[in-house]
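Close look at the chain arrangement
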Amino acid sequence: MRAPLSWLREYVDLPASETGRDVAARLIAAGLEVETVEQLGAGLKGPLVVGKVLAIEELTEFKKPIRYCQVDVGQANGTGEPQNLICGATNFAVGDKVVVVLPGAVLPGDFAISARKTYGHVSEGMICSARELDMGDDHDGIIVLPPEHEAGTDAIELLELVDEVLDIAVTPDRGYCLSMRGLARETATAYGLPLRDPALLDVPAPNSYGYPVQVSDPRACDRFTARTVTGLRPEARSPLWLQRRLQKGGMRPVSLAVDIANYVMLELGQPLHTYDRSRVEGTIGVRRAEQGEKLTTLDGVQRVLDAEDLVITDDRGPIGLAGVMGGANTEIADVEAPGGIADGPTTDVVVEAAHFDSVSIARSARRHKLSSEASRRFERGVDPEAAAAAAQRTVDLLVLLAGGTAESGVTEIATPSGPRTIKLADGHPDRVAGVTYGRETVVRRLQQVGCDVYGQDELTVTVPSWRPDLTDPNDLAEEVIRLEGYENLPSTLPKPPAGRGLTERQRLHRRVGRALAGAGYVEVLNPPFVGEAALDQLGIAPGDARRDTVKLANPLSDEEPGLRTSLLPGLLGALRRNGGRGAHDLALFETGLVFLRTGEETPAVRLPVDRRPTDAEIAAQNSTLPRQPRHVAAVLAGARERDGWWGKGRPVQWADAVEAARTVARQAGAELLVESARFEPWHPGRCAALHVELDGDRVLVGHAGELHPRALKALGLPDRGCAMELDLDLVERAGRGPVTAPHVSTFPVATQDVALVVDSSVPAADVEAALRAGAGELLESLRLFDVFTGEQLGEGRKSLAYALRFRASDRTLKAEEASTARDAAVAAAVERTGAVLRGA
């Protein structure tokens, strides 16, 4: 909302020394968002005067129209002689009054004016357009003034070129501030000055001989006022003061009747509409549209109406989209319109001032993608009691400026409704703010807002009609607090309850992050959205459960309308972006939720807002959600170990991804079981399935390995990239609880190495599990340190070499004890996996 300071002063007697920035500071302290204070006419310097065109010479030797004009500027040039001026505009004639800037003047933008020779003549100044005076963007022609202004009159004052305009971002709960009336009330309150309310007008009582109106939906339209003005002068135009106020308010002057309606809307906040009475047939009605009805609005677009749209009608059908935009078939015509659009200029008008349901108007505006000044106000709440005053103000201006006659008929349809009252304890604002205001301050501030307040310890507050946002005691407390000043509120830190700390789930999350960071990985946080294109690039087959994404009703991007079922698309996208910026050796990880459909989700229900939902209602709402397990994933590309003086580095390989998964599992106290698998998007020969033992069963918790070359190529990533992803919740369940500090024994360790030959199809994890089971309690650790294949072993065979460390907690082991444990481990491996001791 743009508010000229000169207009505000009409309603509030501000001190003459107060600038726009001073007023803005007061309004900001009262809780409004003043974005800018625009200085109109900054740097403007006269002489800038009214001139009368005496003669025009057309210079035809140039490619574009050029006119050499003689203009009477009175005594403004010091001689009284006509001023000779060159002008390229053609929208004026001899006898017209124009705006002339004389040599020595400076226009906005530090544009100095001097006499200069151009097009073969000396131009002693310039005839001005609206854009050159910073009055608007119109540069098609110069300004033609009404004929009553004398030549030589100061145009700076006449056109009100010097002013300050406050640009205020009005929040949805402050709809009353989309008017000069509302902003003047806030200004008066901020300065402690009286308000001259422009809505306090003498309004005639409704009678039975006004224009006929029928409202079919009183809930959507609870008030409708209609007035009729006849005998408008077709030649009447908006006076300069009216045009300038519209321009400063951010609106474009159109015609007198339309300009007056827009002016009253800016002044009182009540949207109005004016109909050409000769083009309205029969009774004006308000009803819901019929599905598929059509209406051509004032912007020339034919719109197909929805059954939820509220429309204004006559006997023919819709003539306007209520609260949004009028129809072209009853448009005001101020000039002779060709093609049968109108028989002539409008002389009789019907003025509509109505109050519509804010939700209905908001939905219609969004449904038709048609936001207007009227719909913006109705959406935020319009004062229903201002409709009659706004209609009267419009009628008065039409009579005054257009020479019309107000008919005595007054139509007013109103749905009975009482004022809203709220019970408020006088100490409630004190408890909310943590400041002692006292009853007197609370009552005074609420009265400044416009409330009527009664009572002692418990106040009965009657809310003013222009504040539909005040609905409960906290709203009233906020009004007191903001008017007393947010800057006066003390800063206090909340006191956390004692005995609370991180949950075990949170501790595991932190341990995993620290462990991966310690292993050289960098954490990233990606948005949880995914699209079909990313899943196609990963090569995930149709029918895969990961393609069954939860779709968002209003996604941020149409390319990513679903919630992720895997962390890999986001991580690989981050890998690609960093690679494109020259970072080629990368190790990234992320922990976060994924969203998996179960097929058992129930339809969502609307929870109550006037109370806390019950446990059953919360449980029912939770049942509408997909399963959301917590995953951890890591991706690698480039070199895992870089070249240096210490020797040659090495690239990442599938084993690094498996080791990242083992790092995560160790933090949960879980043991991963690894076996080969085929699973997109991993390479079929370098993919490991990761399992844990859970409740006696082997449960799949993730995959790790080298990514498929096709997926890497589709994503634009370097070859041999690797990745792993785990279900962290399942890994946590398989863990042994909190990780305890290891016991450090003072007794020596006994190391035994074994090399076992097995079929190539036997997973190393199975051999390791057999060795652990057979070695017994003396086994401290087991490590695979070599894998060998060769002709001497035979085709389809491999050798696995393990280092076994044995230690007792209470004594030094004897060689026989270590050898016995080693032999038992080998025997178990032979029995379970068919292994053969190498060299035996």
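Counting restarts for each chain: residues are numbered from 1 in the order of the written sequence. Note on the predicted model: pLDDT of at least 70 is required for a residue's local features to be given, and 80 or more for side-chain atom pairs to be given and counted; whole-chain, interface and lining totals, by contrast, use all residues. Note that the side-chain values use all heavy atoms of the structure and ignore hydrogens as well as water.

Overview of the overall build of the protein
Selection criterion: Helix and strand assignments follow DSSP, with helices taken as H or I runs no shorter than four residues and strands as E runs no shorter than two, numbered in order from the N terminus. Taken over C-alpha atoms, the radius of gyration is set against a globule rule of 2.2 Å times the number of residues to the power 0.38. Each residue is assigned to one of three classes by its accessible area relative to the maximum for its type, calculated with a 1.4 Å probe on protein chains only: buried under 20%, partly exposed between the two thresholds, exposed over 50%. Any two residues whose heavy atoms approach within 4.5 Å at even a single point are treated as in contact. The protein chains shown are the only cover counted for residues, whose accessible areas, like all others here, come from Shrake-Rupley with a 1.4 Å probe. The convention is simple: Lys and Arg are positive, Asp and Glu are negative, and His and the chain ends are not counted. Charged side chains are reduced to one point each, which is NZ for Lys, CZ for Arg, CG for Asp and CD for Glu.
The secondary structure content of the protein amounts to 21 helices and 42 strands. For the protein, the C-alpha radius of gyration of 41 Å lies well beyond 28 Å, the compact-globule estimate for 840 residues. For the protein, the spread of C-alpha atoms along the three principal axes comes to 125 × 80 × 55 Å. Taking all 840 residues of the protein together, the buried fraction comes to 48%. A separation of at least 24 residues holds for 69% of the contacts in the protein among residues at least 6 apart in sequence. As displayed, the protein has an accessible area near 41800 Å², and 50% of this comes from carbon and sulfur atoms. Each charge class in the protein can be summarised by its mean position, and for the 94 positive and 120 negative side chains these summaries are 6 Å apart.

What about the packing of helix H5 (residues 240-248) against helix H6 (residues 256-268)?
The criterion, for reference: To define axes, lines are fitted to C-alpha atoms, for helices over the stretch in contact only, and angles between the resulting N-to-C directions are given on a 0 to 180 degree scale. If an angle is under 35 degrees, it is roughly parallel; if it is over 145, roughly antiparallel; if it lies from 65 to 115, roughly perpendicular; otherwise it is oblique. Put simply, a crossing is left-handed when the front helix is turned counterclockwise from the back one by less than a right angle, and right-handed when it is turned clockwise. Asp, Glu, Lys and Arg are counted as charged, while Ala, Val, Leu, Ile, Met, Phe, Trp, Tyr, Cys and Pro are counted as nonpolar; the rest, among them Gly, fall into the polar class.
Where H5 contacts H6, the axes come no closer than 10 Å and their chain directions differ by 55 degrees. In terms of axis orientation, H5 runs oblique to H6. Seen along the crossing, H5 lies across H6 with a hand that is left-handed. Only Leu 256, Asp 259, Ile 260, Asn 262, Tyr 263 and Leu 266 of H6 make contact with H5, whose side of the interface consists of Trp 241, Leu 242, Arg 245 and Leu 246. Here the residues of the contact of H5 with H6 sort into seven nonpolar, one polar and two charged.

As for the side chain of Thr 663
Tracing the sequence through the fold places Thr 663 in helix H17 (residues 654-668). Take Thr 663: its relative accessible area is 11%, and that puts it in the buried class. Contacts of Thr 663, omitting those with residues within four sequence positions, involve Ala 515 and Leu 516.

Structural notes on unusual backbone geometry
Omega for the peptide link from Gly 46 to Pro 47 comes to 10 degrees, which places this bond in the cis form. Secondary-structure assignment places Pro 47 in the loop between strand E2 (33-40) and strand E3 (48-59). Along the chain, Glu 680 connects to Pro 681 via a cis peptide bond; the corresponding omega equals 10 degrees. By secondary structure assignment, the location of Pro 681 is in the loop between strand E35 (673-676) and strand E36 (682-694). Despite not being glycine, Arg 720 shows a phi value in the positive range, around 65 degrees. With respect to the helices and strands, Arg 720 occurs in the loop between helix H18 (709-715) and strand E38 (722-727).

Structural notes on the pattern of salt bridges
Quick reminder of the rule: Note on definitions: salt bridges are taken to be side-chain nitrogens of Lys or Arg within 4 Å of carboxyl oxygens of Asp or Glu.
One pass over the full model with this rule turns up 58 salt bridges. Ionic pairing is found between Arg 650 and Asp 656, a salt bridge with its closest N-O pair at 2.8 Å. By relative accessible area, which is 10% here, Asp 656 ends up buried. Residue Arg 772 pairs with Glu 768 through a salt bridge whose shortest N-O separation is 3.4 Å. With a gap of four residues between them, Arg 772 and Glu 768 both fall in helix H20 (residues 764-775), about one helical turn apart. Using a relative accessible area of 34% as the deciding quantity, one classes Arg 772 as partly exposed. One network of salt bridges, in which partners are shared, links Glu 186, Arg 467, Asp 469, Glu 479 and Arg 482.

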